[in-house]
Structures are given as C-alpha cells and as structure tokens.
Amino acid sequence: MKLIKEKTTIDFLGAKRRKIALVISALLVIASLVSLATRGLEFGIDFTGGILLEVGYPQAANLEEIRSNLSAAGFSDAQVQRFGRDTDVLVRLPPQPGTDAGEVRTELQQVLQANGESIDLRRVEFVSAQVGSELAERGALAMVIALLMIFVYVMIRFQWKFSAGAVAALAHDAIVTVGFFSFFGLPFDLTVVAAVLAVIGYSLNDTVVAFDRIRENFFALRGVSAEDAMNISINEMLARTLITGLTTLLVLVALLTLGGESIAPFSIALIVGIIVGTYSSIYTASATALALDVNAQDLIEPIKDPTLIDDLP
Amino acid sequence: MNKYPAWLNILVLVIVLAGCLLALPNIYGSVEAVQIADNDGGEYEQAKLNEFVRVVEGAGITPEASYLQDGRVVIRFNSTEDQEAAGERLRGQYSRQANVATTLTPKLPEWVRNLGLSPMSLGLDLRGGVYVLLEVDMDTAIDSRMALYQQDFDDRLRDARIRHRVDLSDQLITIRLTGAEDMLKAREIIERADPDVLVLDGEDGKTLTVRMTETQIKDRQDFAIEQNLTTLRNRVNQLGVAEPLVQRQGVDRIVVQLPGVQDPNQLNKILTATATLEFRLVDQSGDEPGSRRYPGRGAEAPQVLKRQVIASGDQIIDAKAGFSEGQPAVFITLDSAGGERMLQTTMENLNKPMSSVFIETRRETVMRNGVEEQRTIKIEEVINTATIRGVFKNSFQITGLTPIEARDLALLLRAGALAAPVYKIDERTIGPSLGQDNIDRGFNAIKIGFLAVILFMVIYYKAFGLIANVALFSNLVFIVAMLSFLQASLTLPGIAGIVLTVGMAVDANVLIFERIREEITAGASPQNAIHSGYEKALSSITDANITTLIAAVVLFGVGTGPIKGFAITLMLGIITSMFTAIIGTRAVVNLAFGGRKLVSVPV
C-alpha cells in the first residue's frame, strides 16, 4: 500500500510557495506572541503555587452548590470545575496566607462534603509560590539549553546555515504550540513543558532527516540548483514524514482519549506540536537555510592535507 | 548477501532473552505482606527472619512465603486479615527496634527472586501516597551555632578575668572590652577557642568582631542538612511506612515520599516540629544580666531563668515516656558532655530550682502590606521546675506534660533533634483510587495506541510491517526491562513517554522501508535494495535519534518530578528503538530473506 503516489514533484520551495509559507509562519508566530502578551497563559498550580483538590463524588457533582458552599466558608476565590467525569471536580485556590496546610485540608474536606456525601479526596496539592516560580525558571532554562545544544550538534554534523534553519523551525514550533495554549486558555503545567520539549525533539528529528537527504542530493545531483535539490529531497522524504507523523498522532489520540484528564494537556501540546512540526520541517527549516544561500560548497570539508589533492579524480 | 554472521544472530538472541528475563517480574501480581526493617539501618540475617516467622506462627497465622530482601525481612500472607494481625503482633513486640510496615509486595516465585530481579517501581502518582518538599532554615542553623560561640567566648573571657561584653546580631559577634590593653589577650583566647573563625579589630581599638568563614558556614549548612536527613529518616521510620524515601535535593531542600500514606496530617507533627528541651537554672534574684522571663505552660508558673543553658536537646541521646509517681514523665539520658555539665551544675546548685524549657518552632504565613511573608514563631515554655535534691549526671526525668505530650516529646527527642527547623513548601497527596485510575488509563492508552500502530504497519508494509511490529513489541519489552533493572520510578508522564516512543519508534523502520522502496524503484535487485536500504538509512536514523536524545537528556538534567519521569522513558525508548530497528529487524530480515533468490521484496 502507498499513502502517496510513487514520485511526487511538489514545488515546496518555489519562490511563490515560499512566500506563502513565510506569511503563514509569520502570522502564526505573531498571533502566538500577541496572545501570549495579552492573554498570557493559564498557568497550573505547578507554576503559581496554591492549593488544588481533585474530589470524587458518589454521584454527579453540583458545581453551583460547591461554589456557594466554598464561598460561604470564606474561600470565595476558589475555582471549581468538572474534571473528566461528571462525578469528578477540581477545586483550585490561590495560596492561603496565615494558615496551615493541614487545617486548610480538613476545612476544605468538611465544606466539600457539606451534604453528608462521602467524598474521595483523589489528589491534594499544596505548592508554595516560591517553588512555583523556580519550576517555571527551570522549564525556560531547559528550553534554551536544548535549543543551544541542538544548534551546536547540527552545526557539527552539517553546517551553521542548517543549524539556523533547524533552530528557526524549532523556535517556530515551540512558540506556536505555547501560543495555542494561550489562545485557547488551556491549562499550562509542567507536563506541557515536557511536551513542548518533546515536540522540539520530534520536529528536529523530521528536520534532520530532510537535511540528511538534502546533503546526499547536493552531491549526487550535480548541476542542480540548491532550491531544486532541496525540493527533490523533501519530495523523496515526504512519505516517511507523513507516515511517522501519522503513527505518532495515532498513539497520541489514544493517549488523549484514554489517558485521563490530567495527561490531556500533555497530549494536546504534542498533537499540536507534531502537526506544526511536520509543516515547519518541510517549509520553515529548508526555507531558512535557502534564504541564507546554502549550497553544496557549504558541506564540502576543506582539505587539510594538500598532497591528497593528487589522488582526486 | 544480507546474512549476519552467527555470532551476531546469537548476540541479538541473547539480548532479546535478557530483556524478556528482566521484564518478567512485571507479569506477576502483588500480594499482602509485612516488611520489617531495622530501625538503626542494620541488615537482618536468616536467624532474625526465623525469629519473626516464629512470632507470626505463634499467633496462629501461616505465612505464604518469607524471605530476606536488601537486609529487610518480607513476610507474605494469603489474606489482608492475616497480614494485619501479623503486623499488629510484630509491631507490639518490636516497635522499639524495627519498622514494621504492612504493604503490597510483588508475588514473585522463588527462582525469580533469587536472581535478584524485581518489577518496575511505581511512582507516587500511580500507587498513591504523600510527597513533601521541605526547606531547611539555614539562617537558624547558623544562628544557633553563633549563639554557642557567644556563650563559649563569654565563659572563656570571664575565666581569664577580662572585663567584657559579648553581643550577637546578624551572625556577627561583637566583643567590647573596657580598654585597649586586653585586646591581644582576648584575641588569643578567641583564636584558641576556634582557630578558624574570622577575628577583626574594631576601629576604636577596644572591640573585636567575630564571624564564621565561608567554609565554616558551608560546613555548618552541610552538617545541618545531613543531620536533618538522619533525624527525618529516623522519625519517618517510626511511622511504619514501607519503602519511605528521605532524600536531599539541592542546597537546602529535603524530599520525603511516603507511598501508600493517605493523610499528610499525621506526618506534619513529626516532620516539621522541632520540639526540643533546654535545662536552665532559675534566677532567684531575678536581676542577673541576661536572665529572661519564660511563660509557664498551662498551670505551670512562669520563671525568670538564667542565660546559660545547662544542657540542650541535641545532647539528649535517649528519651522514653513513662510514669513517675503516677505522673506522666519523660526519662532522659544525656551524652557525656551534657552529663558532665549537668553533674557540675547540680553539685554547685544543690537545693536550688532548675527548669525544663520546652521549645517548639513553627512557621506561619502572614500578610504584610498585601505581600505574603513567612514568619518563624518560637514557643518557649517552662514545663517543669524542680528543686535539685541530689547530684545527678546522665539520667534523670522530667514531668509536667500530658501523657500524649510525654509520648510525642520522647519520640521527637529519641529520633534526634533537628539541627535547624524545616518548613514544608510543597505537599502533594495522591489517593489510591486516582493511582489505580492512572495505571488503568495509562496502560489502556498504551494498548490501544500500540494496536493502532501495529495494524497500520501490517497494512502498509505487509511482511516487513510484521517484522517492524516484532521490533516494536520487543522495544516495549526492552523499555520495561530497563525500567525494572534501573529501578527508576514509573510515573504517569513516564507512561506518556512510552506511548510517544511507540509512535516514534516505527520511524527508524519507516526510514529503512521507504529507502528500500526507493531503491527498488531505482531498479536495484531485491537483495541489493534491502542491503542499501539499511545502509543508506543509517545516517539519517542516527542523526535524528541523537538530536531527540539531546532534548531528552536536557529534560532529564534540568527537569524535576514529572518531567524527569517522562525524560527517562523517552531516553530509554530512543536507545532501545535504535537497537531494534537497526540491528534487531535486520537480523530477522536477513534470516527471512537473506542469501536466497528473491523475485520481489514484500515491502
């Protein structure tokens, strides 16, 4: 079976297409940045600190009642929402100053089972604001270190123009994925940071595979322009790019639908990231390298020992 | 063409078998058990195992199995009732020396156990439990050390008959002398007391300032955290939790993990309380310099106490709760230095009153000008004042507590004092129902995702897809094997990592298969197509996987908690998928198609 016909000759990198792709990418990145600047992110308790309770009720929970009970007990700033099932409720509170974690827990438990139901405290988290800001810093640090190391690796294996292309594509993917979370107000927690880094890894995988073929074709196809050589390479790798993306999306959809609510933001980040990443490894990465005027000469290692020249054909 | 040498085939086979063996312990379920660990961290021997088993059998309970594991005794039972009864019995008899915990343990057959194999360990989000992150108050650790210096210098200068005043503020001791003539002598005395401290002359020529050096401060901090770790371990052991974890994190943090515990409140008291005792003489004149008034606890009368501490909590080596003349009491044993001082004090102060001061440190969060602030509250209360009737040294008793307070105080004192107070900055409790849900959902996602990929591969790549699926399955087995071998905790994000690996692992095979198809289209013979397909895809596979590995390693290095769990499975997945795709499937392809005439390649 074949997903796409034997030999595709899609002009991915033609001047007109490149312009369209550039506009799309630019729009996506700008929209993401604007959303991040204006709407910000729905940071999870990991980053903001505070109290979180996941409560299981014996029957469908009445959110309105829970809210009014909480606010009557002095927890007026509580966020109450359903979590996956009808019977599961997530209660979130900002850090409670002047109180002891144990006391708050007991008090909340009493308020939540005001009607005498026996509730199941499935998860209780108290995070101080201090830990939260540290975790946020470390997440950002991880992102920067990963991008730097990848830049260096691709530079060693290929050349700096490819590095620039790869990192441009990765930054594009990371920004758009995070922007997606900002735009739709999805909860952004530690697992999403992990997912964004996994997206970087995945998208890079795609990009490097394409670069590898481009390098091969730069040498194999003599007298062909860099643009054409890149176009041919991307076409040759198209089946692989789509199939790997498809199998990965298959398992991620399984994870999203079956993995439960707490892992859902992680799955969404990866699904968005992989779609964007597949697009960017086709358009952004190669287009950037091309814009930097990459050519076969860039990949030829300088000959260190001049006597070896005699052996060349 | 396309034949592996025999040794390579055998190597692949050996690795696959080893993977299966390491993953094997995960297929057995778990069973009720009691785990007994020595409180002092010693390792139990066979004789001790037999003794415990006799105690259990003496209660009319027949264990299902019993054995030693990492110096601990594990006794398995057929029912929860048996387990609980046996746990009760053992706890009653050994509560002083051993940590007896009821738990679930993997139901491994003897031969698997004897090979030293164990299943994956599950993270708290999968098995339920309490996670607490504590911060050690380093300032207090330094302050308390400086206070000791202050008292020491004061004593020595007085002994040398040098008139002086010693003040302590901001971790800086200022010694004011009456004249410049004593400066040299005072300096000498201080440097003799501790040659490492930094002593500086004041500008007026008659003051000295003393502070700790950076190295001393760092040593003191390390000491404080190490001692707190030991103390917390001891205290946690008294809780009867199986496999508790108490571990240093970073400069001033301690992680405590208690699998299976549901109520963090039972912990709070023993984790963060820094209850300790001090013994001081009552200042009967009430106007000695440095004397201070201490409130009494409950009905106990307040007292003005002298500044000098006779003995403090860190000199207590044993404390037992009991009754003395019908009153709840704590029987205390001091170390030799404390005993010596106590002996001297009681000799010199016969028939004078001495007080026991109970000191508790707590941290409160308060709002000041709209900003959240942490405030440390130190409660110092006289719990007992008694007239010194006779000379005593190491052992004595104190009264004036309720029976429960006596028990708690004895426990805290026995487990050792904390060198510095600790404060909880992160607490997470995961209920058992959520843990089980997470396991079920996670494995469901793996199952369905795996099936979907397998189906797709067979439809798309036919026979070669089948081979890729064998590789994919062994990949899963290898990840489980490695996780079991490394005993790295499997968490929900870890499961997500496995799911992601399943999706990405086929990539290497896809690269190879697509290349083979290309070679065939380009007119290569079937055997040649297979050969160069593998050959030419290699560099792409390596580059692509190494870059992903870089991202995973960074995640592992920088990340915490859930991120680390994800990074581990991702790293393992990348490594095992490279092996299965490049060498594993090649071996199968070679065996199936290599060295014979092929009309076409079923790819």
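Only a predicted model underlies this, so the values are computations on that prediction, with no experimental measurement involved.

1. Overview of the overall build of chain A
Part 1 of the reasoning: The helix and strand tally for chain A stands at 10 helices and 6 strands.
Part 2 of the reasoning: Against the 2.2 N^0.38 benchmark of 20 Å for 313 residues, chain A shows a C-alpha radius of gyration of 25 Å, more extended than a compact globule.
Part 3 of the reasoning: With respect to the principal axes defined by its C-alpha atoms, chain A has extents near 90 × 45 × 30 Å.
Part 4 of the reasoning: In chain A, which comprises 313 residues, the share counted as buried stands at 48%.
Part 5 of the reasoning: Put simply, 79% of the contacts in chain A that link residues at least 6 apart link residues at least 24 apart.

2. Describing the overall build of chain B
Part 1 of the reasoning: Along its length, chain B carries 15 helices and 23 strands.
Part 2 of the reasoning: Against the 2.2 N^0.38 benchmark of 25 Å for 603 residues, chain B shows a C-alpha radius of gyration of 33 Å, more extended than a compact globule.
Part 3 of the reasoning: Projected onto its principal axes, the C-alpha positions of chain B cover 110 × 70 × 50 Å.
Part 4 of the reasoning: Per-residue burial over chain B gives 43% buried out of 603 residues.

3. Here we look at the interface of chain A and chain B
Part 1 of the reasoning: Counting residues at the interface gives 64 residues for chain A, matched by 67 residues for chain B.
Part 2 of the reasoning: Of all the elements in the fold, those that place two or more residues in the side of chain A that touches chain B are β2 (50-56), α4 (101-112), β5 (120-127), α5 (129-157), α7 (190-220), α8 (226-258) and α9 (264-282) of chain A.
Part 3 of the reasoning: Looking at the side of chain A that touches chain B element by element, the count peaks at 14 residues for α7 of chain A.
Part 4 of the reasoning: Looking at the side of chain A that touches chain B residue by residue, the classes come out as 39 nonpolar, 14 polar and 11 charged.
Part 5 of the reasoning: Of the strand pairs in this sheet, β5 of chain A and strand β22 (residues 422-430) of chain B are connected by 5 bridges, and their pairing is antiparallel.

4. Considerations on the environment of Asp173 of chain A
Residue and element names in this part refer to chain A.
Part 1 of the reasoning: Structurally, Asp173 is set in helix α6 (residues 160-183).
Part 2 of the reasoning: Given 30 C-beta atoms within a 10 Å radius, Asp173 is considered buried.
Part 3 of the reasoning: A sequence separation of 122 residues divides Asp173 from Asn295, and the C-alpha atoms of the two residues are 25 Å apart.
Part 4 of the reasoning: If sequence neighbours within four positions are ignored, Asp173 has contacts with Val199, Ile200, Ser203, Gly273, Val276, Gly277 and Ser280.

5. Thoughts on the nonpolar core
Part 1 of the reasoning: Counting residues in hydrophobic clusters, the biggest one holds 140 residues, and the most contacted among them are Leu197 of chain A together with Leu555 of chain B.
Part 2 of the reasoning: By residue number, the principal contributor to this core is helix α12 (residues 432-486) of chain B, which donates 20 residues.
Part 3 of the reasoning: With near-sequence residues (within four places) excluded, Leu555 of chain B lies in contact with Ala142, Ala194 and Leu197 of chain A together with Ile563, Phe566 and Ala567 of chain B.
Part 4 of the reasoning: If you look at the next biggest cluster of nonpolar residues, it comprises 40 residues, including Phe52, Leu134, Leu258 and Leu267 of chain B.

6. Observations concerning the pairing of strand β11 (residues 245-249) of chain B
Residue and element names in this part refer to chain B.
Part 1 of the reasoning: Both β11 and strand β12 (residues 253-259) contribute to a ladder of 5 bridges, which runs antiparallel. Each bridged residue has a counterpart across the sheet, and for Gln249 the counterpart in β12 is Arg253.
Part 2 of the reasoning: Hairpin geometry of β11 and β12 is characterised by an intervening segment of 3 residues between the two adjacent antiparallel strands and by a positive phi of about 70° at Gly250.

7. Overview of the pairing of β5 of chain A
Residue and element names in this part refer to chain A.
Part 1 of the reasoning: The buried fraction of β5 amounts to 6 of the 8 residues, a majority that puts the element mostly inside the structure.
Part 2 of the reasoning: The pairing of β2 with β5 spans 7 bridges and is antiparallel. From the neighbouring strand, Leu53 faces β5, where its bridge partner is Val124.

8. Let's talk about the confidence of the model for chain A
Part 1 of the reasoning: Across chain A, the average pLDDT comes to 84, with 92% of residues at 70 or higher.
Part 2 of the reasoning: Put simply, α4 of chain A is where chain A has its lowest mean pLDDT, 81, and α9 of chain A is where it has its highest, 92.

9. Observations regarding α9 of chain A
Every α-helix winds through 3.6 residues per turn, so residues three or four apart in the chain are directed the same way.
Part 1 of the reasoning: Taking 1.5 Å of rise per residue, 19 residues should cover 27 Å, and α9 of chain A covers 27 Å from first to last C-alpha, within 8% of that figure.
Part 2 of the reasoning: Of all 19 residues in α9 of chain A, 17 are buried, a share of seventy percent or more.

10. Some points on the sheet that holds strand β7 (residues 164-169) of chain B
The pairing of strands in a sheet happens through backbone hydrogen bonds and is either parallel or antiparallel.
Residues and elements named next belong to chain B.
Part 1 of the reasoning: The strand order β7-β8-β10-β9 describes an open sheet built from 4 strands, whose pairing is antiparallel. Edge strands, defined here as strands with exactly one partner in the open sheet, are β7 and β9 (198-201). Adjacent strand axes in the sheet meet at a mean angle of 20° when their direction is disregarded.
Part 2 of the reasoning: Direction of pairing for strand β8 (residues 172-177) relative to strand β10 (residues 207-211): antiparallel, over a ladder of 4 bridges. Counted as the bridge partner of Ile173 is Val210 from β10.

11. A short note on the environment of Thr548 of chain B
Part 1 of the reasoning: Along the chain, Thr548 of chain B turns up in helix α14 (residues 526-558).
Part 2 of the reasoning: The class of Thr548 of chain B is buried, set by 26 C-beta atoms lying within 10 Å.
Part 3 of the reasoning: If we ignore the near neighbours within four places in the chain, the residues touching Thr548 of chain B are Gly201, Tyr202, Leu204 and Asn205 of chain A together with Ile574 of chain B.

12. Looking at the confidence of the model for chain B
Part 1 of the reasoning: Per-residue pLDDT for chain B averages 84, and the proportion of residues at 70 or more is 93%.
Part 2 of the reasoning: Note on the complex model: pTM 0.77, ipTM 0.84.

13. Considerations on the domain arrangement of chain B
Part 1 of the reasoning: Under the domain assignment, chain B is made up of domain 1 (6-24 + 431-593), domain 2 (30-107), domain 3 (139-217) and domain 4 (274-428).
Part 2 of the reasoning: Centre-to-centre, using C-alpha coordinates, domain 2 of chain B lies 55 Å away from domain 3 of chain B.

14. Examining the packing of α7 of chain A against helix α15 (residues 561-593) of chain B
Part 1 of the reasoning: Between α7 of chain A and α15 of chain B, the least distance of the axes is 8 Å, while the angle of their chain directions is 30°. Considering their axes alone, α7 of chain A and α15 of chain B lie roughly parallel with respect to each other. The hand of the α7 of chain A/α15 of chain B crossing is right-handed. Contacts from Leu190, Thr191, Val193, Ala194 and Ala198 of chain A of α7 of chain A reach α15 of chain B at Gly561, Pro562, Ile563, Phe566 and Leu570 of chain B.
Part 2 of the reasoning: Residues that form the contact of α7 of chain A with α15 of chain B fall into these classes: 8 nonpolar, 2 polar and no charged.

15. Re helix α10 (residues 284-291) of chain A
All names here are of chain A.
Part 1 of the reasoning: Burial within α10 is extensive, with 6 of its 8 residues counted as buried.
Part 2 of the reasoning: Buried within α10 we find Thr284, Ala285, Ser286, Ala287, Thr288 and Ala289.
Part 3 of the reasoning: Elements that come into contact with the buried residues of α10 comprise α1 (15-38), α6, α7, α8 and α9.
Part 4 of the reasoning: Positive backbone phi, approximately 65°, marks Asp293, located one or two places after α10.

16. Section: the sheet that holds strand β4 (residues 98-106) of chain B
Residues and elements named next belong to chain B.
Part 1 of the reasoning: Taken in spatial order, the 4 strands line up as β2-β3-β1-β4 in an open sheet, and their pairing is antiparallel. A single partner strand is all that each edge strand has here, and the edge strands are β2 (65-69) and β4. The average undirected angle you get between the axes of adjacent strands in this sheet is 25°.
Part 2 of the reasoning: Against the sheet, helix α2 (residues 46-58) touches β1 (30-38), β2 and β3 (72-76), its axis set at about 35° to β3.

17. Considering unusual backbone geometry
When glycine is set aside, most residues are seen to have a negative phi, and most peptide bonds are trans.
Residues and elements named next belong to chain B.
Part 1 of the reasoning: Residues other than glycine seldom take positive phi values, yet Asp170 does so here, at roughly 50°.
Part 2 of the reasoning: Along the chain, the position of Asp170 falls in the loop between β7 and β8.
Part 3 of the reasoning: Looking at Asp170, the number of C-beta atoms within 10 Å reads 7, which means it is exposed.
Part 4 of the reasoning: With phi around 60°, Gln171 is a residue other than glycine that occupies positive phi space.
Part 5 of the reasoning: With respect to the helices and strands, Gln171 occurs in the loop between β7 and β8.

18. A few points about the packing of α5 of chain A against α14 of chain B
Part 1 of the reasoning: Interhelical geometry of α5 of chain A versus α14 of chain B gives an angle of 155° and a closest axis separation of 9 Å. Our classification of the angle between α5 of chain A and α14 of chain B gives roughly antiparallel. Note that α5 of chain A runs across α14 of chain B; the crossing there is right-handed. Residue-level contacts link Arg138, Leu141, Ala142, Ile145, Ala146, Met149, Ile150, Tyr153 and Arg157 of chain A of α5 of chain A to Asp543, Ile546, Thr547, Ile550, Ala551, Val554, Leu555 and Val558 of chain B of α14 of chain B.
Part 2 of the reasoning: Residues that form the contact of α5 of chain A with α14 of chain B fall into these classes: 13 nonpolar, 1 polar and 3 charged.

19. Comments concerning the environment of Leu305 of chain B
Residues and elements named next belong to chain B.
Part 1 of the reasoning: With respect to the helices and strands, the residue Leu305 is situated in strand β15 (residues 303-305).
Part 2 of the reasoning: Leu305 sits in the buried class, given 26 other C-beta atoms within 10 Å.
Part 3 of the reasoning: Considered as a pair, Leu305 and Leu434 are 129 residues apart in the sequence and their alpha carbons are 54 Å apart.

Conventions we followed
Residues numbered from 1 in each chain as written. Chains lettered and ligands numbered in written order. Predicted model: local features only at pLDDT ≥ 70, side-chain atom pairs only at ≥ 80, totals over all residues. Helix = DSSP H or I, 4+ residues; strand = E, 2+ residues; numbered from the N terminus. Rg over C-alpha atoms; globule rule 2.2 N^0.38 Å. Buried ≥ 20, exposed ≤ 12 C-beta atoms within 10 Å, placed from the backbone. Contact = placed C-beta atoms within 7 Å. Nonpolar A, V, L, I, M, F, W, Y, C, P; charged D, E, K, R; others polar. Pairing = 2+ DSSP bridges. Core = buried A, V, L, I, M, F, W, Y, C linked by C-beta atoms within 7 Å. pLDDT = per-residue confidence, 0-100. Expected span 1.5 Å × (residues − 1). Axes fitted to C-alpha atoms, helices over the stretch in contact; angles between N-to-C directions. Domains from an automatic or database assignment. Parallel < 35°, antiparallel > 145°, perpendicular 65-115°, else oblique. Left-handed = near helix turned anticlockwise from the far one by under 90°.

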